[in-house]
Amino acid sequence: ELKVEQNPLFLSMQEGKNYTIYCNYSTTSDRLYWYRQDPGKSLESLFVLLSNGAVKQEGRLMASLDTKARLSTLHITAAVHDLSATYFCAPRIDSGGSNYKLTFGKGTLLTVNP
Amino acid sequence: DAGITQSPRYKITETGRQVTLMCHQTWSHSYMFWYRQDLGHGLRLIYYSAAADITDKGEVPDGYVVSRSKTENFPLTLESATRSQTSVYFCASSEFSTLSYEQYFGPGTRLTVT
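Residues numbered from 1 in each chain as written. Chains lettered and ligands numbered in written order. Predicted model: local features only at pLDDT ≥ 70, side-chain atom pairs only at ≥ 80, totals over all residues. Heavy atoms only, no water.

(A) Geometry of empty space enclosed by the protein. All chains considered together, the criterion is met by 1 cavity of 30 Å³ or more. Looking at the largest cavity, its volume works out to about 40 Å³. Lining the largest cavity are A:Tyr33, A:Arg92, A:Tyr100, A:Leu102, B:Phe33, B:Ser94, B:Tyr101 and B:Gln103. Grouping the amino acids of the lining of the largest cavity by side-chain chemistry returns 5 nonpolar, 2 polar and 1 charged. (1 Å grid on protein atoms, 1.4 Å probe; cavity = no way out; pocket = protein on both sides within 12 Å on 5 of 7 lines; lining within 4 Å. Points joined across faces, edges and corners; volume = space filled by probe spheres on them. Nonpolar A, V, L, I, M, F, W, Y, C, P; charged D, E, K, R; others polar.)

Structure below.
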């Protein structure tokens, strides 16, 4: 069974500061997804990391994947209030045949304060 | 409209009643998924389907029934609702043929069982 741990679960930061969210997972996974969820809304895809060493950047967010360490990071640079949301990581496992499932972490609630 | 829709968006029901949540996607995606989201648990997979007439259990299937007679629809039925099934339910879909295998989420259904 794949276990996914996100750290921290709650993050309060000031605008302009940098921080990293960590996503550790327990078994082999070939790719990993990051999603964003605003309060009361659905999940929006941020990044798809397809291989070991993959790095993707969008604005002030940068995600990376180390499949050997079973670790993904989401780095926030010079945070702004608009980044306040809950962020989920979700590694994908092959559940047999051609079936693939995502296992979600519990999410990191990010609050960016002025 | 194109995309993935869920109905109803809000539902209040009583313990013991049968409830069906609807999910419809217009992309002809092969895979469809049902998740529930609860505070402290992130998203947990209830059932998923690889194609019409092919369904499989996820992490928390007890008390739920699914069917998929058409590619575009994936209804979730609570046969006898319990208070523990109060949650926000998300449907998602994914295309088997794309490299990223990204899941796209519907807007969610907030279900309250009294």
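Once the structure has been displayed, the description carries forward.
(B) Region of the structure containing the packing of aromatic side chains. Summed over the entire model, instances satisfying the criterion amount to 12 aromatic pairs over all chains. Plain terms: the ring middles of B:Tyr31 and B:Phe33 are 6.1 Å apart, the flat faces sit at 20 degrees to each other, and that makes the pair stacked. A centroid spacing of 6.5 Å and a plane angle of 80 degrees characterise the contact between B:Phe90 and B:Phe105, whose relative ring orientation is edge-to-face. Highlighted residues: B:Phe90 in strand 9 (residues 87-94) and B:Phe105 in strand 10 (residues 104-105), separated in sequence by 15 residues. Taken individually, B:Phe90 and B:Phe105 each receive the classification buried, so the pair is uniform in this respect. Taken together, the aromatic side chains of A:Tyr35, A:Phe88, A:Phe104, B:Tyr31, B:Phe33, B:Tyr35, B:Tyr48, B:Phe90 and B:Phe105 make up a single cluster linked through ring pairs. (Phe/Tyr/Trp six-rings, centres within 6.5 Å; stacked < 30°, edge-to-face > 60°. Helix = DSSP H or I, 4+ residues; strand = E, 2+ residues; numbered from the N terminus. Buried < 20%, exposed > 50% of the residue type's maximum accessible area, 1.4 Å probe, protein only.)

(C) The arrangement of the interface of chain A and chain B in detail. Counting residues at the interface gives 21 residues for chain A and 22 residues for chain B. Between chain A and chain B lies a buried interface of about 1800 Å² when both sides are counted; carbon and sulfur atoms form 55% of it. Summed over the shared surface of chain A and chain B, the number is 5 residue pairs in polar contact (both at pLDDT 80 or more). Its residues placed into classes, the side of chain A that touches chain B shows 9 nonpolar, 7 polar and 5 charged. (Contact = heavy atoms within 4.5 Å. Buried area = accessible area lost by both parts, 1.4 Å probe. Polar contact = N/O pair within 3.5 Å; in protein donor to acceptor, adjacent residues only side chain to side chain.)

(D) Main features of the layout of surface pockets. Space inside the largest pocket adds up to approximately 670 Å³. Taken together, 29 residues line the largest pocket, and the ones lying closest to its centre are A:Gln37, A:Thr86, A:Phe88, B:Gln37 and B:Leu39. At the level of secondary structure, the elements contributing two or more residues to the lining of the largest pocket comprise strand 9 (85-94) and strand 11 (108-113) of chain A together with strand 4 (31-38), strand 9 and strand 11 (109-113) of chain B. Here the residues of the lining of the largest pocket are counted per class, giving 11 nonpolar, 12 polar and 6 charged. The wall of the second largest pocket is formed by 21 residues, among which A:Glu1, A:Leu2, A:Thr103, A:Phe104 and B:Glu59 lie closest to the centre. For the lining of the second largest pocket, the secondary-structure elements that each account for two or more residues are strand 1 (4-7) and strand 10 (100-102) of chain A together with strand 5 (42-51) of chain B.

By themselves, these figures tell us nothing about what the structure is for.
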